[in-house]
Structure formats: structure tokens, C-alpha cells
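# Reading the structure
Spelled out, the chains give:
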Amino acid sequence: MNDRQPRIRVINPNSNDVVTQGLDAALAPLRFTNGPEIVCSTLADGPFGIETQADADSAVMPLLRLIEADNASDAFVIACYSDPGIHACREGTSRPVFGIAECGVLAALARADRFGVIAIGQRSIARHVRYLRQMGMMSRFAGERPLEMSVAETASGDKTLDRMVEVGQALTDQDGAEAVVMGCAGMARHRRALEEALGVPVIDPTQAAVTMAIGTVQLARK
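Before going into details, it helps to say that this report is about the structure given with it. No experiment lies behind these values; they were computed from the predicted model shown.

### Quick look at the packing of helix 8 (residues 160–173) against helix 9 (residues 191–198)
- Axis separation between helix 8 and helix 9 bottoms out at 10 Å; the angle between their running directions is 45 degrees. Classed by the angle they form, the pair helix 8 and helix 9 counts as oblique. By crossing handedness, the relation of helix 8 to helix 9 is classed as right-handed. For the pair helix 8 and helix 9, the contacting residues are L161, M164, V165, G168 and Q169 in the first and A193, L194, A197 and L198 in the second.
- Each residue belonging to the contact of helix 8 with helix 9 can be placed in one class, and the counts come to 7 nonpolar, 2 polar and no charged.

### A short note on the packing of helix 5 (residues 100–109) against helix 6 (residues 122–135)
- For the pair helix 5 and helix 6, interaxial distance at closest approach is 11 Å and the crossing angle is 65 degrees. Helix-helix and strand crossings are classified by hand; for helix 5 and helix 6 the assignment is right-handed. Counting all contacts with helix 5, which are made through A101, E102 and V105, the residues of helix 6 involved are Y131, L132 and M135.

Thresholds, definitions, all that
- Residues numbered from 1 in each chain as written.
- Predicted model: local features only at pLDDT ≥ 70, side-chain atom pairs only at ≥ 80, totals over all residues.
- Heavy atoms only, no water.
- Axes fitted to C-alpha atoms, helices over the stretch in contact; angles between N-to-C directions.
- Helix = DSSP H or I, 4+ residues; strand = E, 2+ residues; numbered from the N terminus.
- Parallel < 35°, antiparallel > 145°, perpendicular 65-115°, else oblique.
- Left-handed = near helix turned anticlockwise from the far one by under 90°.
- Contact = heavy atoms within 4.5 Å.
- Nonpolar A, V, L, I, M, F, W, Y, C, P; charged D, E, K, R; others polar.

What follows is the structure, given as C-alpha cells:
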């Protein structure tokens, strides 16, 4: 890497610009003078919301093409809690690719012994648990509970936070979670308020992934 300002590209794999705007706002505290440029992009060819395995699978090839064509970014973040296409994208570039689910869970494990996850819907949970099993994280997984809301609702709905508090309290009080991971990029704007309400660490996985990306590109600078 030369002396130019490095760039981290955060890709929202769905085509909902409201989600991307929420990500951009949530990442504001991670922008600093002479630090990496953080650019948030919407995958125009992605589904409007990634809520099923089919949705996640449909985003893989558009993501791969976008990353392969980007010669200006020094690191990439896939900002969807399913980490769609992460292995294909890592094969497609020599630059680091971070998935927010993987990074969010790792950040939670640095703060607590057992973690829980808030999902957007029940049908997302089986997909997430399959991934946790592949990561070897089941022994520290307290549980996952759904909001039963769409991605669009979590990003812009007025009652999202109230429902997140209700589900988060069930994870901590009933399941024994000592940290809570927000299982959708669309929840980003609620992290601080949710943490204050629950009294345990709440992890925004996109913030966690971008923080890891910042460390990687900063340490690579001359």
C-alpha cells in the first residue's frame, strides 16, 4: 500500500438505499482525520431485503463482480448478517474481505462468555445457526430470537426499538446471553439505545467489521 489514503468499501448486498444510509450514519464515529475513507455502497442488483437463503444466494455473484471490478478499495465489508458470498469474494480478490456476522460474533466473544442474536424473522434463524455451527461457536451461543419484521421495517419502522428491547430482554433474562449481536445491518441505528435499555454489550456487526478493517489497513500503511 502506498501513501495515499486507504479506502474501505462497505457493501449493502440488498438494494434498499435506506439500509445503506443507516449504515453510513452508524459508521460516522469510525471516520477520523487521516484515517481510511469509509464508503458505503448499495448493491443495485441485490434483492430488496435478504431474508431467506434464496435471497442470500442471489446476491453472491453480483457481490463477486462488484469486488473483482473495484481496484481502488483496500478492504471490503459485506454488510449483511448472512455473510453472503464471503468465501467466493475472498477467492476473487487478494484484499481482505470481512463479513459482519463473523466479525460481530468475534466482537461479542471479546466482551462476554455467551452471546445471543436478534434476528429479523424466524426463517433467518436456521440460516444463521448453520453458519455459527460452521464457525464452531455453538458452545458459547445462548440463543437467537426473531423480531418478525422485514429488513425494511427494521431500517425505518417507528416501533423497531421497542420490539428489539423486548426480544433482547428475553435473550438476556431467559437465555442467559451476556452480550447481544444485532442480526441485521438494518438495525444499526438502534445500537446505543438498545445497549442502554438492556444493560449488556450490544454489538452492531457492521461497526465491528469496519473496526477490524480499519486496523488491517492502518497497519498496512507505510
